[in-house]
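# Breakdown of the fold
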Amino acid sequence: MKTYLSYIENVKNIIEKIETKGAESLEKAASVFSETLMNGKRIYLFGTGHSHMLSEELFYRAGGLVNIQPVLVEPLMLHISAADSTLAERVEGYAEKIFTDYGMSEGDTIVIISNSGRNGVIVDMALLCKEKGLNVICLTNLEHTYAGASRHKSGKRLCEIADIVLDNFGCVGDACVEVDGVEGKICPTSTVAGALILNAIVSEAVDMCAKKGFSPEHFASSNVDGGDEINNKLVEKYKKEIKHL
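Computed from a prediction, not measured in an experiment: that's the story for all the values here. (Residues numbered from 1 in each chain as written. Predicted model: local features only at pLDDT ≥ 70, side-chain atom pairs only at ≥ 80, totals over all residues. Heavy atoms only, no water.)

## Re the packing of aromatic side chains
Here is the rule we go by: To pair, rings of Phe, Tyr and Trp, with the six-membered ring standing in for Trp, must have centres within 6.5 Å; the planes then decide the type, stacked if under 30 degrees apart, edge-to-face if over 60, and tilted in the middle. Residue exposure (1.4 Å probe, protein chains only): buried if accessible area is under 20% of the type maximum, exposed if over 50%, otherwise partly exposed. Here, a charge over a ring is recorded when the distance from Lys NZ or Arg CZ to the ring centre is within 6 Å and its angle to the ring normal is within 35 degrees.
Under the counting rule described, the total for this entry stands at 2 aromatic pairs. Summarising the aromatic geometry, the rings of Phe-59 and Tyr-60 are spaced 6.3 Å apart at their centres and angled 50 degrees between planes, so their arrangement reads as tilted. Taking the relative accessible area as the measure of exposure, Tyr-60 reaches 39% and is therefore partly exposed. In textbook terms, an aromatic cluster arises when at least three aromatic residues are bridged by ring pairs, as seen for Phe-59, Tyr-60 and Phe-219. In this structure, Lys-243 packs its charged tip against the face of Tyr-102, placed 5.2 Å from the ring centre.

## Overview of the layout of surface pockets
With a probe scaled to a water molecule rolled over the atoms, the places where space remains empty come into view. Just so we agree on the cut-off: The definitions used throughout rest on a 1 Å grid laid over the protein atoms alone, on which a cavity is an enclosed set of points accommodating a 1.4 Å probe that cannot get out and a pocket is an open set flanked by protein within 12 Å on both sides along at least five of seven lines; lining residues are those having an atom within 4 Å of a point. Grid points are joined across faces, edges and corners, and a volume is the space filled by probe spheres set on the points. When residue character is reported, Ala, Val, Leu, Ile, Met, Phe, Trp, Tyr, Cys and Pro are called nonpolar, Asp, Glu, Lys and Arg charged, and the others, Gly included, polar.
A volume near 200 Å³ is recorded for the second largest pocket. Forming the walls of the second largest pocket are 13 residues, and the residues nearest its centre are Leu-37, Asn-67, Phe-214, Glu-217 and Tyr-238. Residue classes in the lining of the second largest pocket are distributed as 7 nonpolar, 3 polar and 3 charged.

## Some words on the side chain of Thr-140
Operational definition: Numbering of helices and strands starts at the N terminus; helices are DSSP runs of H or I of at least 4 residues and strands are runs of E of at least 2. Pairs of residues are marked as contacts when any of their non-hydrogen atoms sit within 4.5 Å.
With respect to the helices, strands and loops of the structure, Thr-140 is situated in strand E4 (residues 135–140). Thr-140 gets classed as buried once you look at its relative accessible area, which sits at 0%. For Thr-140, the contacting residues outside a window of four places in its chain are Ser-114, Asn-115, Ser-116, Gly-117, Thr-145, Cys-159, Val-165, Leu-166, Asp-167 and Asn-168.

## Quick look at the side chain of Asp-167
The criterion, for reference: In protein, a polar contact means a hydrogen-donor-capable atom and an acceptor-capable atom, both N or O and within 3.5 Å, with residues adjacent in sequence counting only if both atoms are side-chain atoms; elsewhere, any N or O pair within 3.5 Å suffices.
Here Asp-167 is to be found in strand E5 (residues 164–167). Looking at Asp-167, its side chain comes within polar contact range of the main-chain nitrogen of Leu-142, at 3.2 Å. Here the side chain of Asp-167 touches Phe-169 through a polar contact of 2.9 Å, landing on its backbone nitrogen. Leaving out residues up to four positions away in the same chain, Asp-167 has contacts with Thr-140, Asn-141, Leu-142 and Ile-197.

## Describing the pairing of strand E3 (residues 109–113)
We apply this condition: When DSSP finds two or more bridges between two strands, those strands count as paired. With strands facing away from the observer, any crossover in which the path from the first strand over the helix to the second runs clockwise is taken as right-handed.
E3 sits mainly inside the fold: 5 of its 5 residues count as buried. Here E3 shows two buried faces, one formed by Thr-109, Val-111 and Ile-113 and the other by Ile-110 and Ile-112. Examined bridge by bridge, strand E1 (residues 43–47) and E3 share 5 bridges and lie parallel to one another. By the bridge assignment for E3, Gly-47 is matched with Ile-113. What joins E3 to E4 is helix H6 (residues 120–131), and the crossover it makes is right-handed.

## Observations concerning the pattern of salt bridges
Quick reminder of the rule: Should a side-chain nitrogen of Lys or Arg be within 4 Å of a carboxyl oxygen of Asp or Glu, the pair is scored as a salt bridge.
Taken as a whole, this structure holds 11 salt bridges when the rule is applied. Linking Glu-35 and Lys-212 is a salt bridge whose minimum nitrogen-to-oxygen distance equals 3.2 Å. Of the two residues, Glu-35 is situated in helix H2 (residues 23–38) and Lys-212 in the loop between helix H8 (190–211) and helix H9 (227–238); the sequence distance between them amounts to 177 residues. With relative accessibility at 34%, the residue Glu-35 sits in the partly exposed group. Notably, a salt bridge pairs Glu-57 with Arg-61, separated by 2.9 Å at the nearest N-O pair. Among the residues examined, Glu-57 registers a relative accessible area of 18% and is labelled buried.

## So, the environment of Gly-64
You can see Gly-64 is positioned in the loop between helix H3 (52–57) and strand E2 (68–71). Separated by 125 residues in sequence, Gly-64 and Thr-189 place their C-alpha atoms 22 Å apart. Leave out the neighbours within four places in its chain, and Gly-64 touches Leu-58, Glu-217, His-218 and Phe-219.

## Structural notes on the packing of helix H1 (residues 3–20) against H8
Axis angle and axis distance: for two packed helices, these are the angle between their axes and the distance between the axes, and together they describe the pair. To keep things clear, this is the line we draw: To define axes, lines are fitted to C-alpha atoms, for helices over the stretch in contact only, and angles between the resulting N-to-C directions are given on a 0 to 180 degree scale. It is the rotation of the near helix from the far one that decides the hand of a crossing: anticlockwise by less than a right angle makes it left-handed, clockwise makes it right-handed.
Here H1 crosses H8 at 35 degrees, and the two axes come no closer than 10 Å. In this structure, H1 meets H8 at a crossing whose hand is right-handed. From H1, Tyr-7, Val-11, Ile-14, Ile-15 and Ile-18 reach across to H8, where they touch Val-192, Ala-193, Leu-196 and Ile-197. Among the residues making up the contact of H1 with H8, the classes are represented as 9 nonpolar, no polar and no charged.

So this is what it looks like as structure tokens:
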């Protein structure tokens, strides 16, 4: 088998697991999303390192919900210093400031994204959001999570705190492809699986809303005729409420 086909096969297997083993959690998450949208509350997404990309996946894009707030904290991302971000995500104490800065409140929903689910910032945020009355959904890799101990003083992992657990069905270490003559595995699956899971949840949530007579606002592509006009109106309407618009 060609090596690239090995990667594709791994992703296909993951998608099959999401469709079957992950269906119940996905539908529960969609229900929470729909209730959050209909109640006029906010949907937050938070991840560190590469997981922050999934916070941006649902934000301000063609067909994407308007009511999405990515939590983008530069020291926890990659573009300033990737190595420093790895260290920063293990430090406890960030969560309270982030929570306040983004105006999170009771009844909001947060999706916390972490492949390992074991680092300080992620666990802190989950505990704080639970305490403050948010719906806490986690997107994680359960096989990886249970392969190691929590790095948080509570001893808890993200999946042990969240109300709903979404498994991306990856392997320990995330990378999945073996190449003869190369030590260790290459090519992770968490991003492609995570993007699929999140967009699947949105599609189901919007359908749930529509069946109850509620039509969630969503963006159009800026690269089709009329797209700019649609998006500019939405940005103008929400730019004071949603950071990064």
